[in-house]
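Structure at a glance
Now for the letters of each chain:
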Amino acid sequence: MRYAITVEPLDALRRIAFELERAGAPTYRVRAFRHAAQIVEDLDPEELAQRARKGTLQAISGIGTATATVIEQALAGLEPEYLTKLWEKAAPDIPIRKTQLRAALRGDCHTHSNWSDGGSPPDEMAEAARGLGHEWVALTDHSPRLTVARGLSAMRLTEQLRLLDRLNTELAPFEILSGIEVDILDDGALDQREDLLDSLDVVVASVHSHLRMESEPMTARMIAAVRNPLVDVLGHCTGRLITGKGRPESVFDAEAVFTACRENGVAVEINCRPERQDPPDNLLRLAVDLGCQFSIDTDAHAPGQLDWLDRGCVRAEDAGISADRVINTRTAEQLRQR
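The rules behind these values
- Residues numbered from 1 in each chain as written.
- Predicted model: local features only at pLDDT ≥ 70, side-chain atom pairs only at ≥ 80, totals over all residues.
- Heavy atoms only, no water.
- Helix = DSSP H or I, 4+ residues; strand = E, 2+ residues; numbered from the N terminus.
- Buried < 20%, exposed > 50% of the residue type's maximum accessible area, 1.4 Å probe, protein only.
- Areas by Shrake-Rupley, 256 points an atom, 1.4 Å probe, with all protein chains shown as cover.
- Pairing = 2+ DSSP bridges.
- Right-handed = clockwise from strand over helix to strand, strands pointing away.
- Contact = heavy atoms within 4.5 Å.
- Axes fitted to C-alpha atoms, helices over the stretch in contact; angles between N-to-C directions.
- Salt bridge = Lys/Arg side-chain N within 4 Å of Asp/Glu carboxyl O.
- Polar contact = N/O pair within 3.5 Å; in protein donor to acceptor, adjacent residues only side chain to side chain.

Looking now at the overall build of the chain. Across its full length, the chain holds 14 helices and seven strands. C-alpha atoms of the chain, sized along the principal axes, occupy 70 × 45 × 40 Å. Relative to its 338 residues, the chain shows a buried fraction of 55%. Accessible surface computed for the chain: about 15000 Å², of which carbon and sulfur atoms make up 50%.

Laid out in structure tokens, this is it:
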């Protein structure tokens, strides 16, 4: 999908960052454009225009050759060449396929911000989600045990909840739903205080450690988690990675786990990340046949990745999943009613 933009430097820089994220570009490149966007936002418009006329934009720390050219072209009323090339390069692959299911989705139940291992603050994630037509987005940063992802302690999660209260006042009627991607511990317990989990709108429970556990204990571990009444979604159930070096699927009794999901009202996540596409097709069909509900989620770690929902919607539609079985089609208030 190609987006029309107003030819303002800030819009152009943010759109380039969005498209780079969407394409899975290296983080350093995305950060260069997002940093430049922040500089432009903070700079007096008259000074920005004057520097562009004099060719001194690169004298500002954080503005390089590529970002200066984008700013200059945008100020001249042109579509920046960098953005044009991104769109042209993406055109053969986007859109994947338009589906009725995608049009029915109201939001995304699994996203990350720079409070854990995401690349952007919650307000930028929210603004991008709103720009894509979402009514709401759930912020589900990691739990404490995942230290490599800067998982949120109880104290930091409480602090984040205060931030979301303020942002929701500013963004209304759009809503950022409070949430977490909580680690499923080896015994099936959840990696966060229960009183905090109970206060959240969306709890995604995922296995991130000991992925090669034997089938029997892994099955028991996952079933114990989905039987917890605080859990709403079982995240990327096999833990597989299908790009780069890859990672094999975790081994477990999928029929038993998905049956537990159905019986306990826990949605099976259809993870849209290109490197995950989890669950695999055979397990997705099994979950469909067993009568499970689903959550189609981007697992986005940057604003541009929020536009990956089409990938999951195509898989869901091909598997015969109707909109009434997808929890993302619910309103924010309906989601809160566990």
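In this section: the pairing of strand S6 (residues 267–271). Most of S6 sits out of view: five of its five residues are buried. Where burial is concerned, the two faces of S6 agree: the one with Ala 267, Glu 269 and Asn 271 and the one with Val 268 and Ile 270 are both buried. Sheet topology note: the strand S5 (residues 233–234)/S6 ladder contains two bridges and is parallel. In the strand pairing of S6, Leu 234 is matched with Val 268. The parallel pair S5 and S6 is bridged by helix H11 (residues 254–263), and the resulting crossover is right-handed. Examined bridge by bridge, S6 and strand S7 (residues 294–297) share four bridges and lie parallel to one another.

With that out of the way, let us pick up the pairing of strand S3 (residues 175–183). Of all nine residues making up S3, eight are buried, and the element is well covered by its neighbours. Pairing of strand S2 (residues 136–139) with S3 involves four bridges; the strand directions are parallel. In the sheet register, Trp 136 faces S3, and the bridge partner there is Glu 175. Where S3 meets strand S4 (residues 202–206), five bridges bridge the pair, whose relative direction is parallel. Of the residues in S4, the one forming a bridge with Gly 179 is Val 202.

Turning next to the sheet that holds S5. Strand order across the open sheet formed by seven strands is S1-S2-S3-S4-S5-S6-S7, with parallel pairing between neighbours. Every other strand in the sheet has two partners, leaving strand S1 (107–111) and S7 as the edge strands with one partner each. Here helix H7 (residues 122–131) sits on the sheet and contacts S1, S2 and S3; the angle it forms with S2, its principal contact strand, is near 150°.

Okay, the pattern of salt bridges next. By the definition in use, this model includes 20 salt bridges. When the shortest N-O distance is used, the salt bridge between Glu 21 and Arg 34 registers 2.9 Å. Placement of Glu 21 in helix H1 (residues 9–22) and of Arg 34 in helix H2 (residues 27–42) is noted, with a sequence separation of 13 residues between them. Given the relative accessible area of 5%, Glu 21 is considered buried.

With that settled, consider H11. Of the positions making up H11, those classed as buried are Ala 254, Val 257, Phe 258, Thr 259, Ala 260 and Cys 261. Against helix H10 (215–226), S5, S6 and helix H12 (281–289) lie the buried residues of H11. The residue sitting at the N-terminus of H11 and contributing the capping side-chain oxygen is Asp 253; that oxygen lies 3.2 Å from the backbone nitrogen of Glu 255. Count one or two residues on from H11 and you reach Gly 265, which has phi positive near 65°.

Tracing the backbone shows Leu 75 in helix H4 (residues 65–75). Between the C-alpha atoms of Leu 75 and Ala 49, which are 26 residues apart in sequence, the distance is 7.3 Å. Residues within four places of Leu 75 in sequence aside, it is in contact with Pro 9, Leu 48, Ala 49 and Ala 52.

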